[in-house]
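Working through the structure, step by step
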Amino acid sequence: MLEYQKSGRYFAQAPRELLDLAAEDLHGLGARDLRPVHRGIHFETDLEGLYRTVYCARFVTRVLAPLLRFRCHATRYLYRRAREIDWTELLSAEDTFAVFASVANSRIRHSQYAALKLKDAIVDTVRDRLGKRPDVDRRDPDQGFGLHIENDMATISLDVSGGSLHRRGYRVQSVEAPMQETLAAAVIRLSGWEGGRPLYDPMCGSGTLLCEALLSYCRVPSGYLRERFGFMGLPDFDPDRWRTLRAREDRGIRPLP
């Protein structure tokens, strides 16, 4: 049994400056026992709550489902423990994947090498069981896996968001340095604007503030234009429950007056 299945706990990544807003947002989406830490929030929910969080959260950049957590002092041990996961439940030989890693205050100090050892464990496991290795695609992978090692405690996770959630899907053309969508959503929330008066965007950029204001007022889920999410690769993914939840959230959309 994977770690998230035993604990019902997940981790939402968010910029430190947006943690309060992200926590308020997660609570409103049904998350329980929220525990903010540096650059994120640990929380508890059920599978339906997980789908709702990924589909609707406005200030979170990623949501991670822990797969395995263990004490880790060396990369060889990291590789050996990672081989315990049945990666074929999460990845086929035809899928692409990427690994992102971070380390802090640990004997393993090089995040890129740690990511490489996890990548090797994934590839070797899939190849041994299916006879073919999956490919790495850092730009647009089918599945993303996270590795975080802090104080010699390693957590391997699946990115159930399926890439950064700031990519709403409405930006088809951009400027050189657009405002990130999660930040724009925070500006709209903190401005107190609720649609009762005209909203003026003085930034002269790609209109991100106006787009996020529209999504907020019309109650459009932040993931409305996204077709694929990482939680679809979970071994206990329930397509019927997901379709029902998505339809229910979409029925809450209202038009602009």
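Residues numbered from 1 in each chain as written. Predicted model: local features only at pLDDT ≥ 70, side-chain atom pairs only at ≥ 80, totals over all residues. Heavy atoms only, no water.

Some remarks on the pairing of strand β3 (residues 40-44)
Two faces make up the sheet, and in a regular strand the side chains alternate between them. Rules: We call two strands paired when DSSP finds no fewer than two bridges between them. A run of H or I in DSSP counts as a helix once it spans at least four residues, and a run of E counts as a strand once it spans at least two, with each numbered from the N terminus.
Of the pairings in the sheet, the one linking strand β1 (residues 9-13) to β3 comprises 5 bridges and is antiparallel in character. In the strand pairing of β3, Q13 is matched with G40. Examined bridge by bridge, strand β2 (residues 32-37) and β3 share 4 bridges and lie antiparallel to one another. The residue of β3 that forms the bridge with V37 is G40. The turn joining β2 and β3, which pair antiparallel and follow one another in sequence, is formed by 2 residues; a positive phi near 60 degrees is taken by R39.

Some points on the packing of aromatic side chains
For any two aromatic rings, the description comes down to two numbers: the centre-to-centre distance and the angle of the planes. Which entries qualify depends on this criterion: Two rings from Phe, Tyr or Trp (for Trp, the six-membered ring) form a pair when their centres sit within 6.5 Å of each other. Planes less than 30 degrees apart are called stacked, planes more than 60 degrees apart edge-to-face, and all others tilted. Think of it in three bands: residues with accessible area under 20% of the maximum for their type are buried, residues over 50% are exposed, and the middle band is partly exposed, with areas taken using a 1.4 Å probe on protein chains only. In this scheme, the term charge over a ring applies when either NZ of a lysine or CZ of an arginine sits within 6 Å of the ring centre and within 35 degrees of the ring normal.
Summed over all chains, the structure comprises 15 aromatic pairs. Pairing Y10 with F43 gives two aromatic rings, centres 6.0 Å apart and planes at 35 degrees, and the pair type is tilted. Of this pair, Y10 sits in strand β1 while F43 sits in strand β3, and the two are 33 residues apart along the sequence. Residue class for Y10 comes out buried when judged on its relative accessible area of 3%. On the basis of relative accessibility, which here comes to 0%, the residue F43 falls in the buried class. Chaining the aromatic ring pairs together yields one cluster made of Y51, Y55, F229, F231, F237 and W242. The residue whose ring lies beneath K117 is Y79, and the NZ or CZ to ring-centre distance is 5.5 Å. Its guanidinium or amino end placed over the ring of Y217, R254 lies 4.1 Å from that ring's centre, counting from NZ or CZ.

Structural notes on helix α8 (residues 239-250)
Convention followed: By this rule the span expected of a helix is its residue count minus one, scaled by 1.5 Å. Arc, as used here, means the arc of the directions from the helix axis to the C-beta atoms. Any pair of residues with heavy atoms lying within 4.5 Å of one another is described as a contacting pair. In the analysis that follows, any N or O atom pair within 3.5 Å is treated as a polar contact, provided that within protein one partner can donate a hydrogen and the other can accept it, and provided that, for residues neighboring in sequence, both atoms belong to side chains.
Between its terminal C-alpha atoms α8 stretches 16 Å, which fits the 16 Å expected from 12 residues at 1.5 Å a residue. Within α8, burial applies to W242, L245 and R246. Looking straight down α8, one finds its buried side chains confined to an arc of 100 degrees; they lie on one side. Exposed positions of α8 whose direction lies more than 90 degrees from the buried face are D240 and R243. On its buried face, α8 is in contact with α3 (47-56). The N-cap of α8, judged by a side-chain oxygen 3.2 Å from the amide nitrogen of D240 a few residues on, is D238.

Some details on the sheet that holds β1
The cut-off we apply is this: To obtain each axis, a line is fitted to C-alpha atoms, and for helices this fit is confined to the stretch in contact; angles are then taken between N-to-C directions over 0 to 180 degrees.
With respect to topology, 8 strands assemble into an open sheet ordered β2-β3-β1-β4-β8-β7-β5-β6, the strand pairing being mixed. What marks the edges here is a single partner per strand, and that holds for β2 and β6 (135-136). Sheet strands touched by α3: β1, β3 and β4 (62-71). Its angle to β4, the strand with the most contacts, is close to 130 degrees. Helix α5 (residues 111-130) rests against β5 (96-104), β6, β7 (143-150) and β8 (153-159) of the sheet, and its axis sits at about 140 degrees to β5.

Points about helix α7 (residues 208-217)
Considered for burial, the residues of α7 that qualify are T208, L209, E212, A213, L215 and Y217. Where α7 is buried, its residues touch α6 (181-191). Phi turns positive, to about 60 degrees, at R219, one or two residues after α7.

Brief notes about the pattern of salt bridges
Put simply, the rule is: Note on definitions: salt bridges are taken to be side-chain nitrogens of Lys or Arg within 4 Å of carboxyl oxygens of Asp or Glu.
The final tally for this structure, using the stated rule, is 20 salt bridges. The residue E249 makes a salt bridge to R52 at a minimum N-O spacing of 3.4 Å. One end of the pair, E249, is in helix α8; the other, R52, is in helix α3, and 197 residues separate them in sequence. Here R168 ties to E212 by a salt bridge, and the two come within 3.1 Å at their closest N and O atoms. Taken as a pair, R168 in the loop between β8 and α6 and E212 in helix α7 lie far apart in primary sequence, 44 residues in all. Several salt bridges converge on common partners, so that one network encompasses R9, R32, D33, R35 and E44.

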